[in-house]
Every structure is written in structure tokens, then in C-alpha cells.
Amino acid sequence: MCRLLCRIPAGLLLLIAAPVVPTMAHDGHSHTIEGRFEPELLPETSVWDHVFAAVYSLSGGSTDPQDPDAHTFVRGNLFISEADAAILLQEVVTARARIRALESLKSDECGGGDPNDYSACRRQIDAATLQARDQILRRLSPRGRKALLRWVAVIKQGMSHGPNR
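Worth saying up front: this structure is predicted, and the values here are computed from it rather than measured.

K.L.:
Before we move on, can you summarise the packing of helix 2 (residues 44–58) against helix 5 (residues 119–139) with the specific residues and values?
P.N.:
Closest axis-to-axis distance for the helix 2/helix 5 pair is 9 Å, and the angle between their directions is 65 degrees. In terms of axis orientation, helix 2 runs roughly perpendicular to helix 5. Between helix 2 and helix 5 the crossing geometry is left-handed. Touching E44, T45, W48, D49 and F52 of helix 2 are R122, D126, T129, L130, A132, R133, I136 and L137, all from helix 5. Considered class by class, the residues forming the contact of helix 2 with helix 5 number six nonpolar, two polar and five charged.

K.L.:
So what's going on with the nonpolar core? Residues and values would help.
P.N.:
Buried together is how nonpolar side chains tend to be arranged in soluble globular proteins. By size, the foremost hydrophobic cluster in this structure holds 33 residues, and its most contacted members are W48, V51, F52, L88, L148 and W151. Those elements that provide at least two residues to this core are helix 2, helix 3 (68–78), helix 4 (82–103), helix 5 and helix 6 (142–157). By residue number, the principal contributor to this core is helix 4, which donates eight residues. Setting aside its immediate chain neighbours within four residues, W48 contacts T129, R133, L137, L148, L149 and V152.

K.L.:
Can you break down helix 4 residue by residue, with the values?
P.N.:
In an α-helix, one turn spans 3.6 residues, which is why side chains three or four residues apart end up on the same side. With 22 residues, helix 4 ought to run about 32 Å at 1.5 Å a step, and its terminal C-alpha atoms sit 31 Å apart, in line with that. Every buried residue of helix 4 is accounted for by D84, A85, I87, L88, L89, E91, V92, A95, R96, I99 and L102.

Conventions and cut-offs
Residues numbered from 1 in each chain as written. Predicted model: local features only at pLDDT ≥ 70, side-chain atom pairs only at ≥ 80, totals over all residues. Heavy atoms only, no water. Axes fitted to C-alpha atoms, helices over the stretch in contact; angles between N-to-C directions. Helix = DSSP H or I, 4+ residues; strand = E, 2+ residues; numbered from the N terminus. Parallel < 35°, antiparallel > 145°, perpendicular 65-115°, else oblique. Left-handed = near helix turned anticlockwise from the far one by under 90°. Contact = heavy atoms within 4.5 Å. Nonpolar A, V, L, I, M, F, W, Y, C, P; charged D, E, K, R; others polar. Core = buried A, V, L, I, M, F, W, Y, C linked by side-chain atoms within 4.5 Å. Buried < 20%, exposed > 50% of the residue type's maximum accessible area, 1.4 Å probe, protein only. Expected span 1.5 Å × (residues − 1).

In C-alpha cells, the structure reads:
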């Protein structure tokens with residue numbers, strides 16, 4: 001019994017003296033981030049790429065603001081007004097076109113020196129994704145913004161992000 005009691009304080013001392021390692025951001029993480037456990041660690045670029053793809057695919061591949069089926073989907077699932085639905089669909093069309101154009105560039109067209117290094121293009125794609133997110137959130141009404149962010153939070157719960165993009 002005495003041996004057990006003597007080992008407990010030594011173990012506690014080891015836990016206290018162990019260095020605390022801060023949590024790393026998504027760049028360079030070595031594990032898969034599960035959105036249901038740690039949604040705040042998911043990279044915003046991945047989340048919003050997924051949101052744009054979800055709006056596009058769940059609206060039947062049509063993000064035309066004039067398409068009544070796309071409007072019905074967005075209004076019925078995101079619970080936003082007709083005006084906010086039109087804004088969201090219009091911005092998703094713009095964002096997807098910009099991102100697709102950047103994805104089709106070769107690395108030397110993005111300003112990278114090495115033709116095998118795609119990081120310069122990746123940075124531009126990430127910047128375009130975040131600009132589109134900001135533009136959407138800026139244009140929506142406060143109620144529409146809140147509804148969209150609530151939907152994004154639900155999407156995050158089902159996402160996972162591995163160490164290699």
C-alpha cells in the first residue's frame with residue numbers, strides 16, 4: 001500500500017512537469033480533424049469550398065438565381081428570404097466560376113517558380129474562397145447571415161479534414 005501511495009505523487013509530478021504542447025493549426029497538423037469533435041479546427045477554406053459545392057449539388061446543379069427549383073431548395077433548407085436566396089445563389093455562381101478558373105491554371109501561371117509547386121495557386125484559390133465567403137456574408141441580411149451560418153455549422157459537424165489536403 002505504501003509503495004502505491006509513493007508512486008501516485010511521482011506520477012502527478014510527472015504530469016505537472018510535462019510540457020504543454022499548443023494545438024497546431026490546420027497547416028501541418030498530423031491527424032484527421034473530425035468536425036463533430038473539433039469543428040473550430042476545420043480550415044475555413046475547406047468548409048466554404050464544401051458549402052459552395054453543397055449549395056450547387058443540392059440545388060440540382062443549378063445555381064441560377066432565376067431557377068425556381070434552386071430558389072425552393074435554398075429557401076426551404078436554409079430558411080432564408082427570397083432576396084437572400086437570390087444573393088446566395090448569385091454569389092455561389094460567381095465564387096465557383098472564379099475558383100474553377102484558378103484551379104485550371106498551371107503553377108507557373110500563378111506566380112510560382114517551380115512548375116511542380118502548386119502552392120502559389122493553392123494560396124490564390126484559398127484567398128478567392130475566403131473572399132467569396134466574406135462577400136456572401138456581407139451581402140446577406142442579418143437574418144439570412146445567421147441562417148446561413150447555422151447551416152454551415154451543421155455541415156461542419158459532418159466534415160473531416162486529413163493532414164494532406
